[in-house]
Structure formats: structure tokens, C-alpha cells
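If you want the building blocks of each chain, they are given just below.
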Amino acid sequence: MKKYTLLTLFAVLLLQQSFAQSTIQQEERLSGYKGDFTPEVTLPKDGFTFLALGDFGRVGEYYQKDVAVELGRAAITLDAEFVVSVGDNFYPSGVASTQDQHWKSSFEEIYTHPNLYKDWYAILGNHDYRGSTKAQIDYTQVSRRWNMPSPYYKKKFELEDGSTLLMLFMDTNPFIDGYHGNSEKYPDLAKQDTAAQKKWLIESLSDTDPNIKWKIVVGHHPLYSGGKRKESKDTKAFEAKFAGIFDQYGVQAYICGHEHDLQVIRPKNRFTTQFLTGAGSEVRPTGQRDGTLFAAAEPGFMAFTIAGDTLLVQTIQAKTGATKLLNSISIKSK
């Protein structure tokens with residue numbers, strides 16, 4: 001009897017999720033939308049969704065245009081609230097000013113789906129540091145959708161059940177030891193105060209607001225990788241600096257990029273799950289390491305949906321004519 005009840009509940013949940021997605025699609029069709037939707041993905045009832053991608057700004061080359069098309073379709077299919085960029089927004093050397101042509105050729109004229117004209121919360125990657133970091137911050141005052149008020153910042157979002165999502169957007173670049181001592185390549189790096197940012201991070205994660213149910217940190221560099229930087233000294237040093245802090249303060253998810261692939265990693269005895277989504281344009285081979293839950297060398301992005309005590313993360317492959325759901329994983333708030 002108990003088994004039958006569990007199966008019935010599972011079937012009801014699937015029907016609710018399917019109904020939520022089909023209702024949105026029906027409403028959009030009736031409203032005149034003629035575009036496509038993302039197949040296979042799940043939209044939990046009363047879910048709060050955002051999309052995350054990184055390492056993308058290449059004037060539409062590599063897979064950038066493919067990813068942009070599917071990002072828009074996912075945004076309308078899952079009724080996404082906003083988009084997160086995990087850095088390396090412009091290759092190879094950031095932007096020079098708020099009037100740099102890169103803004104049009106790699107952002108404004110690429111991400112043109114109407115449902116992508118929502119807030120984009122962006123951070124800096126190492127390639128962005130090769131240009132003017134101030135220009136990317138200042139573009140917040142130029143663009144309706146671009147949000148980067150400072151090199152690092154935080155934001156609270158109210159969820160459907162009345163609880164709160166706390167998101168911290170880090171500037172990980174100053175914490176990468178290998179970047180220091182090269183002021184010509186990274187002219188703005190020496191201006192950053194790592195002690196001040198770390199203090200801000202810990203104080204923010206210590207927030208006693210009783211409504212905070214979810215804590216998510218966004219940064220460019222990974223704590224772990226099974227890809228190109230699996231044995232990198234900088235990666236291992238970054239893990240040593242922050243993995244323990246994230247565990248200590250109950251960060252459920254760390255979202256990053258830098259590696260040009262898609263990975264989900266949670267090493268043994270770690271609380272925080274890392275979601276690496278750096279396949280916004282160029283793709284490189286990847287692999288596995290201790291704690292790898294998923295890895296793919298495919299262009300794409302990730303969709304994060306919070307519904308109650310569950311975070312559903314869906315990894316979507318974005319290739320023309322070959323869009324599909326690559327992976328789906330759920331984690332609990334505690």
C-alpha cells in the first residue's frame with residue numbers, strides 16, 4: 001500500500017510539472033508567440049527559475065549563436081526570472097569602454113529573444129580583466145538588462161513559498177595567485193582588496209534573516225574540475241581558500257565557469273555542490289574527478305529552478321538541430 005501511495009504521489013508531481021509547462025506554452029501560443037520551446041525540460045509547480053551560462057562573448061562565433069537561440073527558448077519554456085553570467089563576457093580582452101563594439105556584436109545583437117530582455121546579473125572573468133573592468137560596471141547605467149553594480153555584490157530574491165534566496169556574486173580573479181605580478185595583462189587586478197571581499201563574503205553568508213532558505217554563490221573560477229584545469233595549482237589553491245567557507249555557511253550551490261564545458265561536482269564530505277557552466281561558445285574536452293556527478297564537452301547552459309525545499313538543475317545542450325536535456329539533478333536545501 002505504501003509503495004502504491006509513493007508511486008501515486010510521483011505521478012501527480014509529474015502531471016503538475018507537465019501541466020505547468022504546457023499551460024505556459026498554450027498561453028504564449030494564444031498570445032501570438034511563433035517561436036520554439038525547449039524539449040524535455042521540467043517546470044516544477046510554483047518554481048522560481050533562472051538560467052546560467054558563461055565564457056560566451058565571441059561575436060557569435062563557435063557555438064555562441066546556437067547557445068543564444070536555445071537560451072531564449074529555455075527562458076520562455078521555464079518562465080525564467082533572470083540570467084546569470086559567470087564571467088569571461090568578452091573575448092579575448094574584455095571591452096575598452098561602454099561604447100566598445102563588443103557590446104553590440106557579442107551581447108546586444110546576439111541575445112535577442114524577447115524573454116532574454118530581463119535582468120542579466122554578470123560578474124568578471126579573467127578575460128574581462130584584460131580590458132576595462134570599469135566599463136562593464138558602468139554599462140549597468142547604459143543597459144536596461146545588464147547588472148554589474150560593482151566587482152562583487154549580492155542580491156536577495158523572494159521565492160514562491162515566501163522564503164528568500166540569497167545570491168552572492170564574487171570577483172574570484174584577485175584570489176587566483178597566478179594572475180598577480182602581471183599588471184600589463186591584468187591592469188585592474190592590483191586595485192582589488194581581497195581581504196575586504198573575503199570579509200564581505202563571510203559577513204553576507206552570516207546573514208541571520210530567518211527567511212533565507214537558499215544560499216548560492218556565483219564566481220568565475222571553479223573549486224574543482226575534471227577538465228583542462230583538473231591539476232591546476234590555481235584551482236587547488238582556490239578550493240583551499242573557499243570550499244570550507246561555503247560548507248561552513250551552508251552554501252547549497254556554487255555556480256562557475258572558466259572551463260569551457262559543463263560539469264556538476266560534489267566531492268565526498270562536501271556540502272556545497274558545484275555547477276560549472278562555461279560552455280557558452282567555445283567547447284573543450286572534459287573529464288571526471290572525485291565527486292563528479294556529470295560532465296559533458298557540449299555547448300550549452302544550466303537552468304536552476306527552486307521549488308520549496310528542492311533545487312532542480314537541468315543542463316541543456318544547445319546545438320542547432322540537436323537541442324536536448326543532458327542532465328537533471330536535484331539537491332535539498334538542508
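Residues numbered from 1 in each chain as written. Predicted model: local features only at pLDDT ≥ 70, side-chain atom pairs only at ≥ 80, totals over all residues. Heavy atoms only, no water.

*Asks:* Any details on the overall build of the protein? Residues and values, ideally.
*Replies:* For the protein, the count of helices and strands is six helices and 14 strands. Expected size for 334 residues packed as a compact globule is a radius of gyration near 20 Å; at 19 Å, the protein falls within 12% of this value. Across its three principal directions, the C-alpha atoms of the protein cover 65 × 45 × 40 Å. Among the 334 residues that make up the protein, the fraction classed as buried is 55%. Sequence separation of 24 or more characterises 70% of the internal contacts of the protein that already satisfy a separation of 6 or more. Carbon and sulfur atoms make up 51% of the accessible area of the protein, which amounts to about 14500 Å² in all. Once the 38 positive and 39 negative side-chain charges of the protein are each reduced to a mean point, those two points are 4 Å apart. (Helix = DSSP H or I, 4+ residues; strand = E, 2+ residues; numbered from the N terminus. Rg over C-alpha atoms; globule rule 2.2 N^0.38 Å. Buried < 20%, exposed > 50% of the residue type's maximum accessible area, 1.4 Å probe, protein only. Contact = heavy atoms within 4.5 Å. Areas by Shrake-Rupley, 256 points an atom, 1.4 Å probe, with all protein chains shown as cover. Lys, Arg positive; Asp, Glu negative; His and termini not counted. Charge placed at Lys NZ, Arg CZ, Asp CG, Glu CD.)

*Asks:* So, helix α2 (residues 64-77): which residues are in play, and what are the values?
*Replies:* Helix length check: α2, at 14 residues, gives a terminal C-alpha distance of 20 Å against a target of 20 Å (1.5 Å per residue), a fit within 8%. Summarising burial for α2: 10 of the 14 residues are buried, a large majority. Of the positions making up α2, those classed as buried are Q64, V67, A68, E70, L71, G72, A74, A75, I76 and T77. Of the residues trailing α2, D79 is marked for its positive phi of about 50°. (Expected span 1.5 Å × (residues − 1).)

*Asks:* I'd like to hear about the environment of Q197, residue by residue, with values.
*Replies:* Position of Q197 relative to the elements: it lies in helix α5 (residues 194-205). Filtering out sequence-adjacent residues up to four positions away, Q197 remains in contact with Y152, M170, D171 and F175.

*Asks:* Any chance you could break down the environment of G250 for me, citing the residues and the numbers?
*Replies:* The topology assignment puts G250 in the loop between α6 (233-248) and β8 (253-256). G250 sits in the partly exposed class, given a relative accessible area of 22%. With 48 residues separating them in the primary sequence, G250 and I202 have C-alpha atoms 11 Å apart.

*Asks:* Can you break down unusual backbone geometry residue by residue, with the values?
*Replies:* The phi torsion of most residues other than glycine is negative, and most of the peptide bonds are trans. Backbone torsion omega between Y91 and P92 reads -5°, so that peptide bond is classified as cis. Here P92 shows up in the loop between β2 (82-85) and α3 (102-108). Residues other than glycine seldom take positive phi values, yet D55 does so here, at roughly 55°. When you line up the elements, D55 lands in the loop between β1 (48-53) and α2.

*Asks:* Provide a residue-level description of the sheet that holds strand β6 (residues 164-169), including the pertinent values.
*Replies:* One open sheet accounts for seven strands, arranged β5-β6-β7-β8-β10-β9-β11; its pairing is mixed. Edge strands, defined here as strands with exactly one partner in the open sheet, are β5 (153-158) and β11 (292-296). Strand-to-strand twist of the sheet, defined as the mean angle between neighbouring strand axes without regard to direction, takes the value 15°. In terms of strand pairing, β6 meets strand β7 (residues 212-218) through six bridges, oriented parallel. Of the residues in β7, the one forming a bridge with L168 is V217. Where α5 meets the sheet, it contacts β5, β6 and β7, and its direction lies at approximately 175° from that of β6. (Pairing = 2+ DSSP bridges. Axes fitted to C-alpha atoms, helices over the stretch in contact; angles between N-to-C directions.)

*Asks:* Quick one: what's the story with the confidence of the model for the protein, residue by residue and with numbers?
*Replies:* Summing up the model confidence of the protein, the mean pLDDT is 93 and the portion of residues at 70 or higher is 93%. Across residues 6-14, confidence stays below pLDDT 50; counting only partners more than four residues off in sequence or on other chains, it has zero contacts. (pLDDT = per-residue confidence, 0-100.)

*Asks:* Give a description of the packing of aromatic side chains that names residues and reports values.
*Replies:* The geometry of an aromatic ring pair is captured by the separation of the ring centres together with the interplanar angle, meaning the angle of the planes. Within this structure, the stated rule accounts for 29 aromatic pairs. Arranged with centres 5.2 Å apart and planes meeting at 90°, the rings of F82 and Y121 form a pair that is edge-to-face. Linking F82 in strand β2 with Y121 in strand β3 (residues 120-122), this pair joins segments that are 39 residues apart in sequence. Note on F82: relative accessible area 3%, which makes it buried. Its relative accessible area of 5% is what places Y121 among the buried residues. (Phe/Tyr/Trp six-rings, centres within 6.5 Å; stacked < 30°, edge-to-face > 60°.)

*Asks:* So what about the nonpolar core? Which residues, and what values?
*Replies:* Core analysis: the biggest nonpolar cluster contains 91 residues, and F50, Y111, L165, M167 and F246 have the highest contact counts within it. Not counting residues up to four positions away in its chain, the partners in contact with F246 are M170, L201, L205, V217, L223, V251, Y254 and T272. (Core = buried A, V, L, I, M, F, W, Y, C linked by side-chain atoms within 4.5 Å.)

*Asks:* Tell me about the sheet that holds strand β12 (residues 300-307), and please be specific about residues and values.
*Replies:* Pairing within the open sheet is mixed, and its seven strands lie in the order β4-β3-β2-β1-β12-β13-β14. The sheet is open, and its two borders are formed by β4 (146-147) and β14 (324-332), each paired with just one other strand. Pairing analysis gives eight bridges linking strand β13 (residues 310-317) to β14, with the strands arranged antiparallel. If you follow L312 over to β14, its bridge partner there is S330.

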